[in-house]
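An overview of the molecular structure
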Amino acid sequence: MAEEAKIWTEGLNFFYGASQALHDINIKISPHNVTAFIGPSGCGKSTFLRCLNRMNETIVGTRIEGKVFIDGHDIYDRSVDVVDIRRRVGMVFQKSNPFPKSIFDNVAYGLRIGGLKDKDKLAEIVEKALIDAAIWDEVKDRLQESAMGLSGGQQQRLCIARALAVEPEVLLMDEPASALDPIATQRIEELIHQLKEKYTIVIVTHNMQQAARVSDITAFFYLGRIIEVDDTETIFTRPKLKQTEDYITGRFG
Amino acid sequence: MLLNIKGIMPGMVSKANKSPLPPFNKRGMRGDFKPGRFRWRKAKERLIASFFFFNGMVSIIILAGIFSLLFSEGLPAFKEIHFSDFLQSTWNPTSYVKATYGLGAIMVSTLMVTFGALLIAVPVGLACAAYLAEIASPRVREVLKPIIEILAGIPSVVLGFLGIVVVNPLIARAFGMPNGLNALNGCILLAIMSLPTIISLSEDAIAAVPKTHKDASLALGASRWQTLVRVTIPSALSGIIASIMLGMGRAIGETMTVLMATGNAQAMPHSFLDAVRTMTATIAIELGEVPFGSAHYHALFVIGFVLFVMTFLVNLVSDIILQKYQEVEQ
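Residues numbered from 1 in each chain as written. Chains lettered and ligands numbered in written order. Predicted model: local features only at pLDDT ≥ 70, side-chain atom pairs only at ≥ 80, totals over all residues. Heavy atoms only, no water.

**Some remarks on the overall build of chain B**
Keep this limit in mind: Secondary structure elements are taken from DSSP: a helix is a run of H or I of four residues or more, a strand is a run of E of two residues or more, and numbering for both begins at the N terminus. The globule rule used for comparison is 2.2 Å times the number of residues to the exponent 0.38, while the radius of gyration itself is calculated over C-alpha atoms. Think of it in three bands: with a 1.4 Å probe and only protein chains considered, a residue is buried below 20% of the maximum accessible area for its type, exposed above 50%, and partly exposed in between. In this analysis, two residues are considered to be in contact whenever any of their non-hydrogen atoms come within 4.5 Å of each other. In this tally, Lys and Arg are treated as positive and Asp and Glu as negative; His is ignored, and so are the chain termini. Charge coordinates come from a single atom per side chain, which is NZ of Lys, CZ of Arg, CG of Asp or CD of Glu.
Helix and strand counts for chain B stand at 14 helices and two strands. Over its C-alpha trace chain B gives a radius of gyration of 29 Å, far above what one expects of a compact globule, namely 20 Å for 330 residues. Along the longest, intermediate and shortest principal axes, the C-alpha atoms of chain B span 100 × 60 × 35 Å. Taking all 330 residues of chain B together, 36% fall into the buried category. Partitioning the contacts of chain B with sequence separation of at least 6, the portion at a separation of at least 24 is 68%. Across chain B, the 26 positively charged side chains and the 18 negatively charged ones have centroids separated by 20 Å.

**Remarks on the environment of B:A127**
Note that B:A127 resides in helix α5 (residues 104-135). In the structure, B:A127 is positioned 72 residues away from B:I199 in sequence and 8.5 Å away in space, judged by C-alpha atoms.

**Brief notes about the state of the cysteines**
Residues and elements named next belong to chain B. This is how it is decided: Cysteine sulfur atoms that come within 2.5 Å of each other are treated as a disulfide pair.
Following the criterion strictly, the structure yields zero disulfides over all chains and no others. No disulfide involves C187; its sulfur sits 20 Å from that of C128, the nearest cysteine. Judged by its relative accessible area of 1%, C187 falls in the buried class.

**Digging into the interface of chain B and chain A**
Test applied: The term buried area refers to how much accessible surface (probe radius 1.4 Å) is lost by two components on association, counted for both of them together. Each reported salt bridge corresponds to a side-chain nitrogen of Lys or Arg within 4 Å of a carboxyl oxygen of Asp or Glu. What qualifies as a polar contact is a pair of N or O atoms within 3.5 Å, subject to a donor-acceptor requirement within protein and to the restriction that residues adjacent in sequence count only when both atoms come from side chains. Each residue gets one label: Ala, Val, Leu, Ile, Met, Phe, Trp, Tyr, Cys and Pro are nonpolar, Asp, Glu, Lys and Arg are charged, and the others, such as Gly, are polar.
The partner chain A presents 24 residues to the 20 residues of chain B that form the contact. When chain B packs against chain A, close to 1,900 Å² is buried across both sides, 62% of that on carbon and sulfur atoms. Its largest share of buried area at the contact with chain A, chain B owes to B:A219, B:L220 and B:R230, together 33% of the area lost on that side. There are one salt bridge connecting chain B and chain A. Our count for the contact surface shared by chain B and chain A stands at six residue pairs in polar contact (both at pLDDT 80 or more). When contributions to the side of chain B that touches chain A are tallied by element, the ones reaching two or more residues are α9 (211-219), α10 (224-235) and α14 (295-329) of chain B. Among the elements that make up the side of chain B that touches chain A, the one with the highest residue count is α9(B) (eight residues). The residue makeup of the side of chain B that touches chain A, split by class, is seven nonpolar, nine polar and four charged.

**Observations regarding unusual backbone geometry**
Residues and elements named next belong to chain A. In this structure, H32 is a non-glycine residue whose phi angle is positive, near 55°. Counting through the fold element by element, H32 comes out in the loop between β3 (28-29) and β4 (34-38). Positive phi, normally seen in glycine, also occurs at L223, with a value near 50°. Note that L223 resides in the loop between β10 (217-222) and β11 (225-231).

**Some remarks on the packing of helix α8 (residues 183-207) of chain B against helix α11 (residues 237-253) of chain B**
All names here are of chain B. Note the threshold: Axes, fitted as lines to C-alpha atoms, cover a helix only where it is in contact. Angles between the N-to-C directions of the axes lie from 0 to 180 degrees. Just so you know how the angles are binned, under 35 degrees is roughly parallel, over 145 roughly antiparallel, 65 to 115 roughly perpendicular, and the rest oblique. Helix crossings get a hand from a simple test, with the near helix turned counterclockwise from the far one by less than a right angle marking a left-handed crossing and a clockwise turn marking a right-handed one.
Running from N to C, α8 and α11 cross one another at 160°; their axes reach a closest spacing of 8 Å. As summarised for this structure, α8 and α11 are arranged roughly antiparallel, according to the angle between their axes. Judged by the sense of rotation from one axis to the other, the crossing of α8 with α11 is right-handed. The residues of α11 that touch α8, namely those facing L190, M193, S194, T197, I198, L201, S202, A205 and I206, are G239, I240, S243, I244, L246, G247, R250 and A251.

**What about empty space enclosed by the protein?**
Gaps between atoms show up when a probe of the same size as a water molecule is rolled over them. Residue and element names in this part refer to chain B. Filter applied, for reference: Using a grid of 1 Å spacing that covers the protein atoms alone, one calls a set of points a cavity when a 1.4 Å probe fits there but cannot get out, and a pocket when the set is open and has protein on both sides within 12 Å along at least five of seven lines; lining residues are those with an atom within 4 Å of a point. Grid points are joined across faces, edges and corners, and a volume is the space filled by probe spheres set on the points.
The tally for this structure, following the rule as stated, stands at one cavity of 30 Å³ or more. Every residue along the wall of the largest cavity is listed here: T110, V113, T114, L190, A251, I252, E254, V258, T278 and T280. Listed by contribution, the elements that provide at least two residues to the lining of the largest cavity are α5 and α11. Taken together, the residues of the lining of the largest cavity sort by class into five nonpolar, four polar and one charged.

**Re a negative patch on the surface**
Residues and elements named next belong to chain A. Heads up, the condition is: Patch construction takes residues with relative accessible area above 30% that form no salt bridge. Like charges are linked within 9 Å, and nonpolar side chains (Val, Leu, Ile, Met, Phe, Trp, Tyr) are linked within 5 Å. The Shrake-Rupley method, run with a 1.4 Å probe sphere, supplies the accessible areas, and residue values consider only the shown protein chains as cover.
Negative charge collects at one region of the surface, where D118, D120, E124 and E127 lie side by side. On the secondary structure map, D120 appears in helix α4 (residues 119-132). Its relative accessible area of 61% is what places D120 among the exposed residues.

**Some points on the layout of surface pockets**
Within this model, the largest pocket holds a volume of roughly 730 Å³. The wall of the largest pocket is formed by 25 residues, among which A:T58, A:V60, B:E134, B:L218 and B:R224 lie closest to the centre. Of all the secondary structure elements, the ones that give two or more residues to the lining of the largest pocket are α2 (82-88) of chain A together with α5, α6 (138-151), α9 and α10 of chain B. Class assignment of the residues belonging to the lining of the largest pocket gives a composition of 13 nonpolar, four polar and eight charged.

**Considering the nonpolar core**
Residues and elements named next belong to chain A. Quick note on the threshold: Grouping buried Ala, Val, Leu, Ile, Met, Phe, Trp, Tyr and Cys residues that are joined through side-chain atoms within 4.5 Å yields what is termed a nonpolar core.
In terms of nonpolar packing, the biggest core is built from 46 residues, with L130 and I160 touching the most fellow members. With six residues, the top contributor of residues to this core is helix α6 (residues 152-165). Excluding residues that lie within four positions of it along the chain, L130 makes contacts with V107, I135, W136, V139, L143, L158 and A161. Core analysis: the next-biggest nonpolar cluster, separate from the first, contains 32 residues, L22, V68, V204 and F221 among them.

**Concerning the packing of aromatic side chains**
We apply this condition: When two rings of Phe, Tyr or Trp (its six-membered ring) have centres within 6.5 Å they constitute a pair, described as stacked for plane angles under 30 degrees, edge-to-face for angles over 60, and tilted for the intermediate range. Only when the NZ of Lys or the CZ of Arg is both within 6 Å of the ring centre and within 35 degrees of the ring normal is a charge said to sit over the ring.
Applying the stated criterion to the full structure yields 19 aromatic pairs over all chains. By the ring-pair criterion, three or more aromatic residues cluster together here, those being B:F78, B:F83, B:F86, B:W91 and B:Y101. The positively charged end of A:R63 is found above the aromatic ring belonging to A:F15, 4.2 Å away from the centroid. In this structure, A:R162 packs its charged tip against the face of A:F99, placed 4.5 Å from the ring centre.

**Re the pairing of β11(A)**
Residue and element names in this part refer to chain A. Spelled out, the test is: Pairing between strands is defined by DSSP: at least two bridges between them are needed.
Pairing between β10 and β11: six bridges, direction antiparallel. Directly across from F221, in β11, lies its bridge partner I226. Connecting β10 to the antiparallel partner β11 that follows it, the hairpin turn spans two residues, and L223 within it adopts a positive phi of roughly 50°.

**A look at the environment of A:I135**
Residue and element names in this part refer to chain A. Its place among the elements puts I135 in the loop between α4 and α5 (136-139). Judged by relative accessible area, I135 falls into the buried class, the value being 0%. For the pair I135 and R187, spaced 52 residues apart in sequence, the C-alpha separation works out to 9.8 Å. Setting aside its immediate chain neighbours within four residues, I135 contacts L130, Q154, R157 and L158.

Here it is in structure tokens:
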């Protein structure tokens, strides 16, 4: 963690109405790494992930305190346009959520709303995104068919392609493989490995083996607090705190 | 895991003992099979099924009845009136010179008033529905939606009154005409009439679009407006089209309002500022006065029949559009 951090937070608190979901989160996320958030259900890891691209703002009655910096800029500053943040910080959701449109239109969506109209350029970027998301070979002959006809694993990789098409710097993944079978999960994990060359990836997962397999750094969340952050290997072999060890060895969770 | 399963088992058994059902016997069953009771249950099922089948058939029977009534009452008109006479423009069966039975003007009038009303009601209704579903705070929505639904309950004669007293002078002043009883007046009133249907059903459809779709769009850097126009409304389109069709059904069949507010001139209209008389108004005005069994009487049923076919076609076309759209979606 010696490198300059891509994202860091300072004293982040988050509230759903009156109940506080996150307590004083301070973390540094380094670029071109995979950072995994683990912890039991309801510990705030997904909530924190959604703070990083301001998606929590879409939920009525939420409030945030503290600061989130990306490349040194406070993304919650009043002068910052939320649209710019979300272009730079892409997101893949737990449940694959392709639009009820064709495969091509799904991937081209982010480009089109960004104002890109050139058809050749669109086709080129869509192809590249689909190749990067390791789904091109499966869909190249059916780009105009509805995305709803794809399997669950294919839909999730399509959603990754859709996020990649707008060339974000950071990719947030909220349990991207939790609804998938082991083979589809493996494909997603391989994909994450390839993608970290280009992107800074933050992944939330329930699956500790998955965190151990894909991430470089792991943060353990519990009851809205970060308990321990370290290299993944250290966390899974020699955690400093007993609480972390108990969770990782399955004594609670 | 194995331990866990064993742990659950005793708990389940004790729960079963507390249940109001008779206890398990030695064979692990609650009581024996009794063929008599089984037969009665099966008969009851069949009885219930046929009851629902009958209820379903009633609507079809009524529809067929209306169709055959219009058809059988309309058919004798062709004994005295040639088919090509109906294709002419002017409807004037009580002329002293020569009775004419042209459906052209009244059909054009009906279509003008209906589509004119939709032209006003669809954009306003959609905008209102989108506001209610996406932008309004829950409290505002809770107040506004019932109010809009109450609007649907206003009797059409009251709206016709409104047309004469309020809209009429407004149009007259705006366009510098002696009076404002014309197609435009009818369009405005029918738009007001079909708005509650369009708003209420479209709002339901828009609110039913899964949040995951909107989240996906927002997370890609789309603004709320872009998300609404490119994701939410297209996803809700089937419901929105259905609401428009229902609103249109109300507009095309509406009688009293247009009868009061559109001026009732039988000539072929040339613009929305001409007085018009719709098919429904023609039937309503004349059927009470016409000698029973005359050519004129039967001709009115021909109008009814044509109106019936028109609404049927509207429904058919919208069904086809919907099906086409849903094929793309799946």
